[in-house]
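Tertiary structure, described
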Amino acid sequence: IFQSRPDIELMLGSATDRGLFPADQFVKTDATRADEVKKLVASFRPDLIINCSAFTNVDLCESERQNAWMANVRVVENLSDAARVFDSYVIHISTDYVFDGLRGPYYETDKTNPVSYYGRTKLASENALRISGVPFTILRTNVLYGLFPGGKLDFVRWVVNSIRKGDTIRIVTDQINNPTFVDDLVAAIELVYINRKQGVYHTGGMEFLNRYDFTLRIAQVFNLDTSFIQAIKTEDLKQPAKRPLKSGLYTIKAQSEFGYRPHTLDDTLHLMKKILEL
């Protein structure tokens, strides 16, 4: 988001180098180690730190709890400690999994109650920021989709690729969210930084729908055969981690305080289709 700004010097830190960034803007670092984080921050002295890192495999978090804690909580603690020394402002990406999914969609003021270990670590990361003493903004989001250069497949491309290969996909009808187009989250990060809006904000799409209906909308835009889409319940998947079912995030606060304006679902899907079929 800041690469095109001549007045901004950008440094990217990651545990892995996928060759996505210019060498002079990228540093490979282990953010779970406090000494490495302090060294990196001291060398750059950033005004802003954006933390997008996370252990997001919800089921694996149940069995690899130490790794999940280190990646989702210790990293934030290390960044906060370093940010405090150099008076850096921190923007942290969080999730709707901090809620239990019983009475969603949720406002920022609703009570948190995670039902998975992943959700517990993400709530702990939020709390680590709250007590850190550094200026911060927490942006909660849900069901990110879009074009991630060099990254893993998002839900939309997974649906498209699977059906085009002739694979039957099992999609749940009882998980409700407002899927978030990644470009809208990027816009929210930039707006938060420009307006210096601190605190907790929810970002998400304009429409609340279950995952099965989301898949049907994808199929409609991409002209896919819906006979390959099988409707199931979440319990049929027998996943290790419990999911918040009736979830999603109200974005009224972000809209009113810093002008967050998400795209419509159909607009984003048509845009993805146009780009993917170039």
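This write-up is about the structure you can find in this document. Everything quoted here is computed from the prediction, not taken from an experiment. The numbering scheme is per chain: residues are counted from 1 as the chain's sequence reads. Owing to the predicted nature of the model, reporting of local features is limited to residues with pLDDT of at least 70; listing and counting of side-chain atom pairs is limited to 80 or more, with chain, interface and lining totals taken over all residues. Hydrogen atoms and water are omitted, and side-chain values are computed over all heavy atoms in the structure.

**Describing the overall build of the chain**
The following threshold applies: Going along the chain from the N terminus, every DSSP run of H or I of four or more residues is numbered as a helix, and every run of E of two or more is numbered as a strand. Throughout, the radius of gyration refers to the C-alpha atoms, and the reference size of a globule is 2.2 Å times the residue count to the power 0.38. Any residue under 20% of the maximum accessible area for its type is buried, any over 50% is exposed, and the rest in between are partly exposed; the area is computed with a 1.4 Å probe on protein chains only. We call two residues in contact whenever any of their non-hydrogen atoms come within 4.5 Å of each other. What sets the accessible areas is the Shrake-Rupley method with a 1.4 Å probe; for residues, cover comes only from the shown protein chains.
When you go through the chain residue by residue, the secondary structure sums to 9 helices and 12 strands. Taking 19 Å as the expected radius of gyration for a compact globule of 278 residues, we find that the chain reaches 19 Å, a close match to that expectation. With respect to the principal axes defined by its C-alpha atoms, the chain has extents near 55 × 40 × 35 Å. Counting all 278 residues of the chain, 46% fall into the buried class. For the chain, contacts bridging at least 24 residues in sequence account for 79% of all contacts bridging at least 6. Carbon and sulfur atoms make up 50% of the accessible area of the chain, which totals about 14,100 Å².

**Re the nonpolar core**
Convention followed: Remark: nonpolar core denotes a set of buried residues (Ala, Val, Leu, Ile, Met, Phe, Trp, Tyr, Cys) joined through side-chain atoms within 4.5 Å.
With 21 residues, the main nonpolar core has Tyr145, Val156, Phe214, Ile218 and Phe222 as its most contacted residues. Mapped onto this core, the elements with two or more residues apiece are helix H5 (155–164), strand E7 (169–172), helix H7 (211–221) and helix H9 (265–276). Among residues more than four places away in sequence, those in contact with isoleucine 218 are Phe155, Val156, Val159, Val160, Leu224 and Leu269. One finds Leu79, Val90, Leu129 and Val200 within the second-largest nonpolar core, a separate group that totals 15 residues.

**With respect to H9**
To keep it simple, the criterion reads: For a helix, the expected span equals 1.5 Å multiplied by the number of residues minus one. The arc in question is formed by the directions pointing from the helix axis toward the C-beta atoms.
With 12 residues, H9 extends 16 Å from end C-alpha to end C-alpha; this agrees with the ideal 16 Å at 1.5 Å per step. Among the residues of H9, Leu265, Thr268, Leu269, Met272 and Lys273 are the ones counted as buried. End-on, the buried residues of H9 take up no more than an arc of 135°, which puts them together on one face. At its buried positions, H9 is contacted by strand E6 (144–145), H5, strand E9 (180–181), strand E11 (209–210) and H7.

**Looking at the packing of aromatic side chains**
Filter applied, for reference: A pair of aromatic rings is counted whenever rings of Phe, Tyr or Trp (Trp by its six-membered ring) have centres within 6.5 Å, and the orientation is called stacked for planes under 30 degrees apart, edge-to-face for over 60 and tilted otherwise. Criterion for a charge above a ring: Arg CZ or Lys NZ at most 6 Å from the ring centre, at most 35 degrees from the ring normal.
Taken as a whole and judged by the stated rule, the model has 9 aromatic pairs. Centroid distance tyrosine 145 to phenylalanine 181: 5.6 Å. Interplanar angle 45°. Geometry classified as tilted. Of the two residues, tyrosine 145 sits in strand E6 while phenylalanine 181 sits in strand E9, which places them 36 residues apart along the sequence. Accessibility classification places tyrosine 145 together with phenylalanine 181 in one group, the buried group. Cluster of aromatic residues (ring-pair linked, three or more members): Tyr145, Phe155, Trp158, Phe181 and Phe214. Over the aromatic face of phenylalanine 155 sits the side chain of arginine 211, whose NZ or CZ is 5.6 Å from the ring centroid. Sitting over the ring of tyrosine 201, lysine 253 keeps its end group 4.5 Å from the ring centre.

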